[in-house]
Amino acid sequence: MEPSQRRPIEYRNDLHPVWCTGCGDFAVLKSFTRAFAQLGLQNERIAIISGIGCSSRLPGYCATYGLNSVHGRPLPIATGLKIARPELTVIACAGDGDAFAIGTGHIPHAIRRNPDLTYFVMDNAVYGLTKGQASPTSAREQKAARHQLGEMDPPINPVLFVLANGAGFVARTQAGDMKHMTDMLVRAINYPGFAFVHCLSVCVTYQGRSYQEALDGRVHPIMAEHDPRDEDAAYRLARTDPYALGVIYERADS
Ligand SMILES: Cc1ncc(C[n+]2csc(CCOP(=O)(O)OP(=O)(O)O)c2C)c(N)n1
Ligand code: SF4
Ligand SMILES: [Mg+2]
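Residues numbered from 1 in each chain as written. Chains lettered and ligands numbered in written order. Predicted model: local features only at pLDDT ≥ 70, side-chain atom pairs only at ≥ 80, totals over all residues. Heavy atoms only, no water.

(A) Here's a closer look at the pattern of salt bridges. Inspection of the entire model under this criterion finds 5 salt bridges. We note a salt bridge from Glu87 to Arg85, for which the minimum N-O separation is 2.5 Å. Its relative accessible area of 39% is what places Arg85 among the partly exposed residues. Each of Arg6, Arg7 and Glu10 takes part in one network of salt bridges that share partners. (Salt bridge = Lys/Arg side-chain N within 4 Å of Asp/Glu carboxyl O. Buried < 20%, exposed > 50% of the residue type's maximum accessible area, 1.4 Å probe, protein only.)

Structure (structure tokens):
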């Protein structure tokens, strides 16, 4: 295949993001535009559907079709759009609160319908937009602006959750590594079914700048011997290592 001549900047509009300086969402936005350029996609053939949250502002900064929709609801909207307009590259994106609190009930149903779309979740382990409450992925004892005593309940494991519900493509990446994020997005977009990308991200305002450093110290590539076609190995990895980055599972029959 000919390499694409498109440039990432061609997928940005002139709106300046209102995110706080240092927010992980900036890098995610760049990776989206890099992935589109790498794939040489036509702008009018892309639709990005988000929910509500700081991260969900992302479609507003892209020169593509997009909808900053309703909290927790990007998946049913994206699924309907893909059914109505199968020629579009459809990406649903959301924060951890949007995806794993109010929107959780939609995930199993989107997975069983298996539309050819990518679900990209920016997991900063906090409700950024509403000023720093704990989210379902906040670590136990994690303290933040709006939960000074620390989170008391154990966190949801997003990767294990989507695997258990039958997702055909599951990957993890982190907002501190743009090249890796772009690679995972390209793989997810190319996957012909429901593809989930879990992106460990950072809210500098409510998690502090040290959060990225702590994350950098924990993340690491998935071990070379991991076979993403091996479902049992994917479950083992999902259960035991919340910081392994790469393609965790890709169904062989896709
Ligand atoms: C139906 C509904 N319930 C609650 C809210 C309030 N609300 C807006 S964003 C949000 C959570 C944001 O957290 P997350 O999805 O993790 O996104 P982030 O801001 O961290 O990127 C909540 C609870 C809302 N807008 N609509
Ligand atoms: S509050 Fe947090 S998530 Fe929201 S823009 Fe600022 S740094 Fe990003
Ligand atoms: Mg969040």
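More follows now that the structure is in view.
(B) Main features of the coordination of the magnesium ion (ligand 3). Every protein donor of the magnesium ion (ligand 3) is listed here as Asp96 (OD), Asn124 (OD1) and Val126 (O), and their distances to the metal cover 2.1 to 2.3 Å. In primary-sequence terms, the residues that donate to the magnesium ion (ligand 3) follow D-x27-N-x1-V. Placement of the pair is Asp96 in helix H3 (residues 96-102) and Val126 in strand S5 (residues 126-127), with a sequence separation of 30 residues. Taken individually, Asp96 and Val126 each receive the classification buried, so the pair is uniform in this respect. (Donors = N, O, S within 2.8 Å, 3.2 Å for Na, K, Ca; no water. Helix = DSSP H or I, 4+ residues; strand = E, 2+ residues; numbered from the N terminus.)

(C) Structural context of the side chain of Asp241. Structurally, the position occupied by Asp241 is in the loop between helix H9 (231-240) and strand S10 (244-250). Of the side chains with opposite charge, Arg172 lies nearest to the buried Asp241, which makes no salt bridge, at 5.5 Å. Among all residues touching Asp241, those that are not within four sequence positions of it are Arg172 and His220. (Lys, Arg positive; Asp, Glu negative; His and termini not counted. Contact = heavy atoms within 4.5 Å.)

(D) Molecular detail of a negative patch on the surface. On the surface, Asp227, Asp230, Glu231 and Asp232 cluster together to form a negatively charged patch. Along the chain, Asp232 falls in helix H9. (Patch = residues over 30% accessible without salt bridge, like charges linked within 9 Å, V, L, I, M, F, W, Y side chains within 5 Å. Areas by Shrake-Rupley, 256 points an atom, 1.4 Å probe, with all protein chains shown as cover. Charge placed at Lys NZ, Arg CZ, Asp CG, Glu CD.)

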